[in-house]
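Below are the chains, spelled out letter by letter.
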Amino acid sequence: MLHIGCHLSPSEGLLKMARTASSIGADTFQFFSRNPRGSKAKPLDEADSDAMNAYLSGQAFAPVLVHAPYTLNPCAEKQETAQFAELVMRDDLQRCTAMRKPYYNFHPGSHVGQGEAAGIEKTAALLNRILSDDTDTTVLIETMSGQGSEIGGTFESVRAIIDEVRLNGRVGVCLDTCHVFQAGYDLVNDLDGVLSAFDRVIGLERLLFIHLNDSKYEIGQHKDRHAPIGEGFIGCEAVDRIVNHPALSNLPFCLETPHESLREYADEIALVRRMTE
Ligand code: FE
Ligand code: FE
Ligand code: ZN
């Protein structure tokens, strides 16, 4: 059965968020670990976290995803910026450990002129520092569109980070369909080719989560602009093939599409579920 959900806000509490997910037909979801601009997180309410876990187990949810603030730059040249990313990610991992083992997803960041190799090395070094403490959370590197000097816009760069991480048994990949399409991987005309490249370069066993988004722009523009499913250049037919592909169909899918209301997400979840029936 397809596991699908969308991005939600934990502002009214974790249990409430899980109930909201259920009410819109989701059986997974994603939320920001803190304000996406990266400010201080509220202390974790453990009773609320336990209540969410009990609820999720009862409802047979797939793993959920905690997303790091997208403003972090783990490979920044500026010490303070890199240190801030480390501080936040270290704290987030502690919080994830206290939850029902969600995956923790992050963007590798932008090298801003240092060159890709330096960016890769700094990202891996940061993972080596934060994965050495006593957390057991699996961290996911998100595939990026290659906008600006973003690291992670090629499968090779993701692989290069993983190769330098000592505890890389705890590192997986979240494939964002809009991002890889923008990075130039042709999900529309050659899904099998893209997945075999992923397998050859990274290994499909690392692929643990999918961000399911359509793309506002044509392939290979390196523009990170999501569109609702069927309203972009990926289109419904390709999404249908993606959610039904044997290498992907058992993974959790999360929509990060631009919508205003929960009603629209409920409809989009239903739309994608119908493709697998
Ligand atoms: Fe992301
Ligand atoms: Fe994403
Ligand atoms: Zn994006």
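As a starting point, this report considers the structure included with it. (Residues numbered from 1 in each chain as written. Chains lettered and ligands numbered in written order. Predicted model: local features only at pLDDT ≥ 70, side-chain atom pairs only at ≥ 80, totals over all residues. Heavy atoms only, no water.)

### Concerning helix α5 (residues 155–163)
- Residues of α5 that are buried: F155, S157, V158, I161 and I162. With its buried residues spanning 165 degrees around the axis, α5 presents them on a single face.
- Against the buried residues of α5 lie α4 (116–130), β5 (139–142), β6 (171–176), α6 (177–183) and α7 (191–201). (Buried < 20%, exposed > 50% of the residue type's maximum accessible area, 1.4 Å probe, protein only. Helix = DSSP H or I, 4+ residues; strand = E, 2+ residues; numbered from the N terminus. Arc of directions from axis to C-beta. Contact = heavy atoms within 4.5 Å.)

### Examining the coordination of the zinc ion (ligand 3)
- At 2.0 to 2.8 Å from the zinc ion (ligand 3) lie its protein donor atoms, namely H179 (NE2), D224 (OD), D224 (OD) and H226 (NE2).
- Note that the zinc ion (ligand 3) binds four donor atoms; their angles at the metal cover 50 to 136 degrees, and the shape is irregular.
- Coordination of the zinc ion (ligand 3) draws on donor residues from a single chain, spaced H-x44-D-x1-H in sequence.
- The metal-metal distance between the zinc ion (ligand 3) and the iron ion (ligand 1) is 5.4 Å. (Donors = N, O, S within 2.8 Å, 3.2 Å for Na, K, Ca; no water. Tetrahedral: all angles 85-135°; square planar, octahedral: opposite > 155°, others 65-115°.)

### A short note on the coordination of the iron ion (ligand 2)
- Every protein donor of the iron ion (ligand 2) is accounted for by E142 (OE), D176 (OD), H211 (ND1) and E256 (OE), and the metal-donor separations fall at 2.0 to 2.3 Å.
- Taken together, the four donor atoms coordinating the iron ion (ligand 2) and their angles of 84 to 173 degrees define a geometry best described as irregular.
- One chain supplies every donor for the iron ion (ligand 2), spaced along it as E-x33-D-x34-H-x44-E.
- Separating the iron ion (ligand 2) from the iron ion (ligand 1) is a gap of 3.3 Å, which E142 spans by donating to each of them. Note that D176 is positioned in strand β6 and H211 in strand β7 (residues 207–212), a separation of 35 residues in sequence.
- Taking the relative accessible area as the measure of exposure, D176 reaches 0% and is therefore buried.
- Exposure remark for H211: the relative accessible area of 0% places this residue in the buried category.

### Comments concerning helix α9 (residues 262–275)
- The first and last C-alpha atoms of α9 sit 20 Å apart over 14 residues, in line with the 20 Å expected at 1.5 Å per residue.
- Of the residues making up α9, those classed as buried are Y265, A266, E268, I269, V272, R273 and M275. (Expected span 1.5 Å × (residues − 1).)

### Here we look at the side chain of Q114
- Mapped onto the secondary structure, Q114 falls in the loop between β4 (103–106) and α4.
- From its side chain, Q114 meets the backbone oxygen of H111 in a polar contact 2.9 Å long.
- In this structure the side chain of Q114 is engaged in a polar contact, spanning 2.6 Å, whose partner is the side chain of K122.
- When residues no more than four places from it in sequence are discounted, the contact partners of Q114 are C75, A76, E77 and K122. (Polar contact = N/O pair within 3.5 Å; in protein donor to acceptor, adjacent residues only side chain to side chain.)

### Regarding the packing of helix α3 (residues 79–98) against α4
- Packing of α3 against α4 leaves a shortest axis separation of 10 Å and a crossing angle of 40 degrees. As far as their axial angle goes, α4 and α3 are oblique. The way α3 lies across α4 gives a crossing that is right-handed. Here A82, A85, E86, M89, R90 and L93 of α3 come into contact with α4, specifically with L126, L127, R129 and I130.
- For the contact of α3 with α4, the residue count by class is seven nonpolar, no polar and three charged. (Axes fitted to C-alpha atoms, helices over the stretch in contact; angles between N-to-C directions. Parallel < 35°, antiparallel > 145°, perpendicular 65-115°, else oblique. Left-handed = near helix turned anticlockwise from the far one by under 90°. Nonpolar A, V, L, I, M, F, W, Y, C, P; charged D, E, K, R; others polar.)

### Concerning the sheet that holds β7
- Ordered by their spatial adjacency, eight strands build an open sheet running β1-β10-β7-β6-β5-β4-β3-β2, and the pairing between neighbours is parallel. Among the strands making up the open sheet, the edge pair consists of β1 (3–6) and β2 (30–32). On average, each strand axis in the sheet is inclined to that of its neighbour by 30 degrees, with strand direction left out of account.
- Here β6 pairs with β7 via four bridges, running parallel. Looking at β7, one finds that L175 is bridged to I210. (Pairing = 2+ DSSP bridges.)

### Details of the pattern of salt bridges
- By the definition in use, this model includes eight salt bridges.
- Ionic pairing is found between E12 and K16, a salt bridge with its closest N-O pair at 2.9 Å.
- On the basis of relative accessibility, which here comes to 60%, the residue E12 falls in the exposed class.
- We classify K16 as partly exposed; its relative accessible area is 41%. (Salt bridge = Lys/Arg side-chain N within 4 Å of Asp/Glu carboxyl O.)

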